[in-house]
Amino acid sequence: MSAKKGTTASVKTSEGHGGTVHTYSEEEQEAFVEWINDQLRGDKDLGKRIPISKDKLFTEISDGLLICKLINHAVPDTIDERVLNKGVNPNIFKKTENQNVCINSASSIGCNVVNIGAGDLIEGTPHLVLGLIWQIIRIGLLNQVNLVQHPELYRLLEDGEKIEDLMKLPPEQILLRWVNYHLKNAGSNKRINNFSGDIKDSEAYTILLNQIAPKDKGVNTDALSVKDVNKRAELVLDNADKIGCRKFLKPRDIVKGNPKLNLAFVANLFNSFPALDPVEEKIVIIEETREEKTFRNWMNSLGVNPFVNNLYGDLKSGLVLFELFDKIQPGIVDWKRVTRPPYPKLGGNMKQIENDNYAMEIGKQLKFSLVGIQGKDIYDENKTLTLALVWQMMRAYVLGILTKLSGTGEKIQDAEIIKWANDKLSGAGKSSSFKSFKDPALTSGILVCDVVDSIRPGVIDYSILSHGGSQSDHLNNAKYAISSARKIGAVVFALPEDIVEVQPKMMLTVFAALMAADLKK
């Protein structure tokens, strides 16, 4: 590991797989450590390990506990912490279990964990550790930047826009609008289009902080009369400190325009002081369903580009569909037939519909059931038909993994997964069994725990399970079952509610993931 300094950032290098050299930012490492210390201070399991020093980050994450805690801070209840190994100086086996929980849980909230293994985190491979931590922090910060959490964001609508248009915007774009809204209200002509070059002179931050801060906090615009950009940046952060928001940034990060850290700074400002007038009239906002969120997180975990923020709006060009098809069956997409952005104003919609029609062709090659679904339905964001396509894609991906692992080359069918699970149960001396992915026997979550324990005997602490039969009992069991499945290496995207409600599609993915984990052993 070596360090070098440049004009734009202080970077270090680390060696990755196959001797590849990767760089990472010291500024980001320092900022992430400060955020972790601030957010996880007082955690009873981490105890005196917090605060950690910047230089100890890569060793402190070795046992998996710290990043698991960070995931639960970003998206509460993602991990049932009852499954975590919390003892002092855990052995490599217990570390690996924790890191399995970490990686598979991060995947379930939409982190791209392709090429990250438990060993990489145990060894503290710098660029992989920081890349994962940034994704988790970013998801946590941007979770609140939406109309469901903040209906008053409708005030950011521009002329001719509908509420649906605002809901389709990525959270980064909403934050840019939020900053510009306050700049306009302050009577300033300053506007920003990014979190890098446009904020380097500190003018936008100075005005923004003065607009959003409670009037009794003593925040001012004195920085505008200072010519030195470094001193200006320091005054900005002094003002942020007055409202408890001096997070992520040092003056150098403003002056250099670090896009990650400035996005994080602004997101934290919004989460703390949105300073938008309350909604006066009733705003109808359709919240994302569990199914939509699960599909979106699955896509993002595979590293699709663009990142999927709005399931329907971000699929309409067809690009994400092609990336997914290429992961389902590498080589199936003829990329010469794909039209990429920018799309012309005249005829741009037709180019995207052509993409979608080609996506339907590929779906038919894969024997998908697409009767009544056309490319224009995807472009028009038809929810029912888009969900029908996306489910078949997820199913094909999950079953494709099983087919590869089985080594036979024969496609795995639902009945084979059910037979495998029942054979594991009977072979381990369990009395439970089920007939289909909608069998009421699945609702308590205990049967899923039985399968997990059949794959790795002793991993389930049966004293934890609830047998009361109430909805809350079932939910607690399902939470424990999902985190236990991830602990043994199963990549589970389903939510506890899916098990309790016995949602057959999601139940298929749960048992397919468990079968894959078993075949990998």
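Residues numbered from 1 in each chain as written. Predicted model: local features only at pLDDT ≥ 70, side-chain atom pairs only at ≥ 80, totals over all residues. Heavy atoms only, no water.

Let's talk about the overall build of the protein chain
- For the protein chain, the count of helices and strands is 22 helices and 3 strands.
- For 521 residues, the compact-globule estimate of 2.2 N^0.38 gives 24 Å, and the protein chain sits close to it at 25 Å.
- The buried share of the protein chain, reckoned over its 521 residues, is 53%.
- Restricting the contact set of the protein chain to residue pairs at least 6 apart, pairs at least 24 apart contribute 60%.
- Summed over all atoms, the accessible surface of the protein chain reaches about 23,500 Å², with 50% contributed by carbon and sulfur.
- If you average the places of the 65 positive and of the 65 negative side-chain charges in the protein chain, the two averages end up 2 Å apart. (Helix = DSSP H or I, 4+ residues; strand = E, 2+ residues; numbered from the N terminus. Rg over C-alpha atoms; globule rule 2.2 N^0.38 Å. Buried < 20%, exposed > 50% of the residue type's maximum accessible area, 1.4 Å probe, protein only. Contact = heavy atoms within 4.5 Å. Areas by Shrake-Rupley, 256 points an atom, 1.4 Å probe, with all protein chains shown as cover. Lys, Arg positive; Asp, Glu negative; His and termini not counted. Charge placed at Lys NZ, Arg CZ, Asp CG, Glu CD.)

As for the nonpolar core
- Counting 166 residues, the largest nonpolar core has Leu132, Trp178, Met299, Phe325, Ile417, Phe511 and Leu514 as its most contacted members.
- Not counting chain neighbours up to four residues away, the residues in contact with Ile417 comprise Leu399, Leu402, Ile412, Phe437, Leu508, Phe511, Ala512 and Met515. (Core = buried A, V, L, I, M, F, W, Y, C linked by side-chain atoms within 4.5 Å.)

Comments concerning helix H13 (residues 290-301)
- Between its terminal C-alpha atoms H13 stretches 16 Å, which fits the 16 Å expected from 12 residues at 1.5 Å a residue.
- Where burial is concerned, most of H13 is hidden: 9 out of the 12 residues are buried.
- Taken as a whole, H13 has its buried residues at Glu292, Thr294, Phe295, Arg296, Asn297, Trp298, Met299, Asn300 and Ser301.
- At its buried positions, H13 is contacted by helix H4 (92-108), helix H14 (319-328), helix H17 (383-406) and helix H22 (504-520).
- Two residues or fewer after H13 comes Gly303, characterised by a positive phi angle close to 80 degrees. (Expected span 1.5 Å × (residues − 1).)

Points about the side chain of Lys247
- Here Lys247 lies in the loop between helix H10 (229-242) and helix H11 (251-256).
- In terms of polar contacts, Lys247 uses its side chain to reach the side chain of Asp38, at 3.0 Å. (Polar contact = N/O pair within 3.5 Å; in protein donor to acceptor, adjacent residues only side chain to side chain.)

Considerations on the packing of aromatic side chains
- Applying the stated rule across the entire model yields 12 aromatic pairs.
- Residues Phe322 and Trp335 carry aromatic rings whose centres are separated by 6.2 Å and whose planes lie at 70 degrees to one another, so their mutual orientation is edge-to-face. On the criterion of sequence distance, the pair formed by Phe322 in helix H14 and Trp335 in the loop between H14 and helix H15 (348-365) is long-range, its members being 13 residues apart.
- With centroids separated by 6.3 Å and ring planes inclined at 45 degrees, the aromatic side chains of Phe434 and Phe437 adopt a geometry described as tilted.
- Site record: aromatic cluster; members linked through ring pairs are Phe322, Trp335 and Tyr358.
- Directly above the ring of Tyr379 sits Lys316, whose terminal nitrogen or CZ lies 4.3 Å from the centroid. (Phe/Tyr/Trp six-rings, centres within 6.5 Å; stacked < 30°, edge-to-face > 60°. Lys NZ or Arg CZ within 6 Å of the ring centre and 35° of its normal.)

Structural notes on the environment of Trp178
- Within the secondary structure, Trp178 is located in helix H8 (residues 171-185).
- We classify Trp178 as buried; its relative accessible area is 0%.

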